[in-house]
Each structure stands twice: as C-alpha cells, then as structure tokens.
Amino acid sequence: MDALKHGWIGLALFCAALVLMPALVFGYNKDVSRADEDRATVSPTTGVVDLPSTRAALAPSPGPTLAFVGIQPNEPISGFKRIEVESFTYSGPLTWVLNGPIEPYEINLGGPPYVFAPGSDQGWQTRGVANGQYTLAAVPVREPGMTISISFTVSNQTGVSG
C-alpha cells in the first residue's frame, strides 16, 4: 500500500510505456510502409506517421489484364493462324467474337487456354472466311468491362486451277 501512496506503480507503468513505445511505433511504421511504401512517412523526431493522400489507394483495381498473342494490330494474315489471349489475372470463362464480312461468330470457352480455334483446338484456318477487314474481341464473361479487341485483315490468295 505504501508503494501506491508514493506513486511507484504509476512510475513503473510510465517507464514501461516509454520502453515499449519505440517498438510499437516501429512495428506500426513497418506495417504501414509494407502496405503503401511510396506514401507513408514517419517523422524521425516526432514519430508521427504521415499519410498524405489516400485517393490512389481508393481507386478501383485494374482488374484482369489480357493481351493478344500471335497477332498484331492491322496485321494481314492468311492460312493457318494461332491467336491466343494471355491472361495475367483472369481464369474464368471467355467469349470470342469475330466480326467482319461474315455474320458475327462466337466461341465460348470455359477457361484457359484461350485459343481462337473455330472447328479445331489448335488454331484458325482463315481460308474458311472471306478476305477482308475483321475485328476479334475477347470478352471475359465475369469481367466484361475488360474486353479487348484487335483488328486485322484476312488476305488469302485465291488460285485459279486450269
């Protein structure tokens, strides 16, 4: 009881808080900097954590990233062509939509690999369609806002047999 009268317990708690405070601040700073290293700063003199703007942290994520493989924009193609979509984050169903001098043509795939292969599983024989300008779209069914498309020209040579 005598220790309480003289404030020894309060002083001991105060000293413990002083000893533990740097460890707590350092641990908090490490967690904040892992989540957002470019924006979180800690003043070395005051230990105050500064988070300037959180607008970038609140921005929506870009979602799945898709890219065409095996074809370039406006490329003339003929014969057999293997066109794929590489997905960096998306693995759900995908719909291919081909538009051009033919009626729109769709292929539905349940998941990767995303190969545009009408009538086969390896690729596309372009001799089955008329020559002309085409647009091929890859529509991720679960993320339709992330649709990508590419335009190209089918230019098959037509031979005359005699």
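This text follows the structure it describes.
Definitions and cut-offs
Within every chain, residues take consecutive numbers counted from 1 along the sequence as written. Where totals are concerned, whole chains, interfaces and linings use all residues; where local detail is concerned, this predicted model gives features only for residues with pLDDT of at least 70, and gives and counts side-chain atom pairs only at 80 or more. No hydrogens and no water enter the side-chain calculation; it runs on all heavy atoms of the structure. Strands here mean DSSP runs of E at least two residues long; helices mean DSSP runs of H or I at least four residues long; both are numbered from the N terminus. Polar contact criterion, stated in full: a pair of N or O atoms within 3.5 Å, where within protein one must be able to donate a hydrogen and the other to accept it, and residues adjacent in sequence count only if both atoms are side-chain atoms. Residue contacts follow a heavy-atom distance rule, with two residues in contact if any of their heavy atoms lie within 4.5 Å. Here the aromatic set is Phe, Tyr and Trp, taking the six-membered ring for Trp, and pairing holds for ring centres within 6.5 Å; pairs whose planes are under 30 degrees apart are stacked, those over 60 apart are edge-to-face, and all others are tilted. Only protein chains enter the accessibility calculation, which uses a 1.4 Å probe. A residue is then buried if its area is under 20% of the maximum for its type, exposed if over 50%, and partly exposed in between.

*Asks:* Which residues make up the side chain of threonine 126, and what values go with them?
*Replies:* Here threonine 126 shows up in the loop between strand E10 (124-125) and strand E11 (132-140). Among the polar contacts listed, one links the side chain of threonine 126 to the backbone nitrogen of glycine 79, at a separation of 2.8 Å. Excluding residues within four positions of it along the chain, threonine 126 makes contact with Ile77, Ser78, Gly79, Lys81, Val154 and Asn156.

*Asks:* I'd like a description of the packing of aromatic side chains, backed by residues and values.
*Replies:* Summed over all chains, the structure comprises 5 aromatic pairs. Ring centres 5.5 Å apart and planes at 65 degrees place the aromatic pair tryptophan 96 and phenylalanine 116 in the edge-to-face group. Of this pair, tryptophan 96 sits in strand E7 (residues 94-99) while phenylalanine 116 sits in strand E9 (residues 114-116), placing them 20 residues apart in sequence. Judged by relative accessible area, tryptophan 96 falls into the buried class, the value being 0%. For phenylalanine 116, a relative accessible area of 0% puts it in the buried group. Consider the rings of tryptophan 124 and phenylalanine 152, whose centres lie 6.0 Å apart with planes at 75 degrees: the pair is edge-to-face. Note that tryptophan 124 is positioned in strand E10 and phenylalanine 152 in strand E12 (residues 148-154), a separation of 28 residues in sequence.

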